[in-house]
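# Structural characterization, general
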Amino acid sequence: MLQAKNRKEITLDAQTLSILQFQAEKQGRKLKNYMEQVLKEQANSFELTDEYKAMMDAMLDKHEKGTLKYTPWGDAKKELFSK
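Conventions adopted
- Residues numbered from 1 in each chain as written.
- Predicted model: local features only at pLDDT ≥ 70, side-chain atom pairs only at ≥ 80, totals over all residues.
- Heavy atoms only, no water.
- 1 Å grid on protein atoms, 1.4 Å probe; cavity = no way out; pocket = protein on both sides within 12 Å on 5 of 7 lines; lining within 4 Å.
- Points joined across faces, edges and corners; volume = space filled by probe spheres on them.
- Nonpolar A, V, L, I, M, F, W, Y, C, P; charged D, E, K, R; others polar.
- Salt bridge = Lys/Arg side-chain N within 4 Å of Asp/Glu carboxyl O.
- Helix = DSSP H or I, 4+ residues; strand = E, 2+ residues; numbered from the N terminus.
- Buried < 20%, exposed > 50% of the residue type's maximum accessible area, 1.4 Å probe, protein only.

### Notes on the layout of surface pockets
With a probe scaled to a water molecule rolled over the atoms, the places where space remains empty come into view. Approximately 640 Å³ is the volume found for the largest pocket. Residue lining of the largest pocket: 13 residues in total, with Asn6, Arg7, Lys8, Lys32 and Glu36 positioned closest to the centre. Here the residues of the lining of the largest pocket are counted per class, giving four nonpolar, two polar and seven charged.

Right, here's the structure in full:
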């Protein structure tokens, strides 16, 4: 199955690029391929903390009980963009 890919532009300083280029060459990769690999590994290594899981459980519980307070998008948008 093919996955849709998104292009994102990033700006890095010369020293960071130099280090990444060195690491890529060490692994026999092109810089772009190396950076994609590093980012994929980092994204896939994400683990939910116990605190986050507890917070989400509490939020879901409040949602199921009907006690969770939601702000309508229109109100939030006014608050965010009126400043």
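Now that the structure has been shown, we can carry on.
### Quick notes on the pattern of salt bridges
Here the idea is simple: oppositely charged side chains can pair when their charged atoms come close. Within the structure shown, the criterion is met by two salt bridges. One salt bridge connects glutamate 36 with lysine 32, and the closest N-O pair in it is separated by 3.4 Å. Linking glutamate 36 with lysine 32, this pair stays in helix α2 (residues 31-44), spanning four residues, or about one helical turn. Residue aspartate 61 pairs with lysine 65 through a salt bridge whose shortest N-O separation is 3.1 Å. In this pair, aspartate 61 and lysine 65 both sit in helix α3 (residues 50-65), four residues apart, roughly one turn of the helix. Residue classification places lysine 65 among the exposed positions, given a relative accessible area of 59%.

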